[in-house]
Amino acid sequence: MAKLGVLTFHRCINYGSFWQTRCLVDGLRSRGHEPIVLDHRSDRVSRAEWRCALQPLLPVRTSAADSQLYASKIRKFLKAIEALPLSGAFALDDPTGSESCDLVIVGSDEVWNLRHPWYGGCRLFYGDQLTARRLVSYAATFGNHPAATGLESFWAEGLRKFESISVRDGNSKTIVENAIGREATLVLDPCLQFPEAITSHEAISREALPRPYAAIYGHSFPSWFKDPVRRWAGSRGIKLVSVGYRNDWADEQWIDAGPHDFAGFIAGAAAVVTNFFHGCVFSLINSKAFACVMSDYRWNKIHDLIALLGAERHVIPEGAGERDYGAVLDEAPVSAIAARLAEHRLRSQAYLDHVLS
């Protein structure tokens, strides 16, 4: 059997990053493969990652009490990450000690985002010094690096090493095609492609959660969005519970939820309120009513996912009326969205069939 490696941001303290990795690994296993996650390490990156995880709301400083909860969240992530099928550890900036693979799949996540605050400019994700007979990507993205900026020739040459390229958003597709003149296949994020990897894991939910509750996932929401959401929840007797981050406008906080906690928490929610990409993704996986507000950093990936699935009404613009909030928070996404998801799963499956054959 060919030795298969997955190269991604598997050590991020981020629910989406963890579940992208877990879903891709489990999805490949369901196809008869035994992938390993290439375990790159960097003290510089770890310090930046943990600093952000402990102080996620800067310039607002984390209180001493919340710092303990964020630290508990980090420990839960580290335990879950160690349960992944990891390769031998090697240095991010000097991968000469990485395991040799017949095929390496780079992605998902913002692996090519040159603007990422600590992974940006890491040559490894562009195939530099990887010991692999074949190199492909799955659902890679440039994140908030806009297509209008283009890609310098050095990074474009890295992309030319890839035998096949797939991305998860239109912005990334345009960047690849403009940079190297080759088509990039548009595929689904691994969480959407392999949702059974999430639902098959035992979910751990916190005892005594108020019922019913709406999940708040994200932070730094604008005031014009928060107030109507609170009015919606209050008029329906629904408690707002914030997961992973402090949102003082919520009724309750669950800051130290681990990645498995998060999956169960979203599955049990009456609705989801988010400004994160994977807040939308997990809402779609669970057919949950959801309302999303855009942020500058996540605009590209949220916009393109919503457009791909025809879910534009779930994005709330400033000035929206109370009925707009009720329309998306009271009812599950329309059936046409599930039909489009099924169609795109077939296309993503065809891409994986091609690169794994």
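This text follows the structure it describes.
Now for a description of the structure that goes with this document. (Residues numbered from 1 in each chain as written. Predicted model: local features only at pLDDT ≥ 70, side-chain atom pairs only at ≥ 80, totals over all residues. Heavy atoms only, no water.)

**A word on the pairing of strand β10 (residues 239–243)**
Inference 1: Here β10 lies mainly inside the structure; 4 of its 5 residues are buried.
Inference 2: Sheet topology note: the strand β9 (residues 213–217)/β10 ladder contains 4 bridges and is parallel. Looking across to β10, one finds that A214 is bridged to L240.
Inference 3: Chirality of the crossover, the property in question, places the unit of β9, helix α8 (residues 223–236) and β10 among those that are right-handed.
Inference 4: Here β10 runs beside strand β11 (residues 252–254); their pairing, made up of 3 bridges, is parallel. Note that in β11 the partner of S242 across the bridge is Q253. (Buried < 20%, exposed > 50% of the residue type's maximum accessible area, 1.4 Å probe, protein only. Helix = DSSP H or I, 4+ residues; strand = E, 2+ residues; numbered from the N terminus. Pairing = 2+ DSSP bridges. Right-handed = clockwise from strand over helix to strand, strands pointing away.)

**Some points on the layout of surface pockets**
Inference 1: Roughly 680 Å³ of internal volume is contained in the largest pocket.
Inference 2: Lining the largest pocket are 30 residues, with N14, C52, Y245, Y297 and R298 positioned closest to its centre.
Inference 3: Taken together, the residues that form the lining of the largest pocket break down as 14 nonpolar, 9 polar and 7 charged. (1 Å grid on protein atoms, 1.4 Å probe; cavity = no way out; pocket = protein on both sides within 12 Å on 5 of 7 lines; lining within 4 Å. Points joined across faces, edges and corners; volume = space filled by probe spheres on them. Nonpolar A, V, L, I, M, F, W, Y, C, P; charged D, E, K, R; others polar.)

**Focus: the packing of helix α10 (residues 277–285) against helix α11 (residues 299–309)**
Inference 1: Between α10 and α11, the shortest axis-to-axis distance is 9 Å and the interhelical angle comes to 25 degrees. One element, α10, and the other, α11, form an angle in the roughly parallel class. With respect to the hand of their crossing, α10 and α11 are arranged in left-handed fashion. Packed against α10, whose contacting residues are F277, C280, V281 and L284, the element α11 presents K301, I302, L305 and L309 at the interface.
Inference 2: Across the contact of α10 with α11, the residue classes break down as 7 nonpolar, no polar and 1 charged. (Axes fitted to C-alpha atoms, helices over the stretch in contact; angles between N-to-C directions. Parallel < 35°, antiparallel > 145°, perpendicular 65-115°, else oblique. Left-handed = near helix turned anticlockwise from the far one by under 90°. Contact = heavy atoms within 4.5 Å.)

**Digging into the packing of helix α1 (residues 15–29) against helix α9 (residues 259–267)**
Inference 1: At a minimum axis separation of 10 Å, α1 and α9 run at an interaxial angle of 95 degrees. Judged by the inter-axis angle, α1 sits roughly perpendicular to α9. Facing α1, whose interface residues are Y15, F18 and W19, α9 presents P259, H260, F262 and A263.
Inference 2: A breakdown of the residues in the contact of α1 with α9 according to their chemical character gives 6 nonpolar, 1 polar and no charged.

**A look at the pairing of strand β13 (residues 289–292)**
Inference 1: Going residue by residue along β13, you find A289 and A291 tucked away on one face and F290 and C292 tucked away on the opposite face as well.
Inference 2: Where strand β12 (residues 271–274) and β13 come together, 4 bridges link them in parallel fashion. The partner of A271 across the bridge, within β13, is A289.
Inference 3: The β-α-β motif built from β12, the intervening α10 and the parallel element β13 has right-handed crossover chirality.

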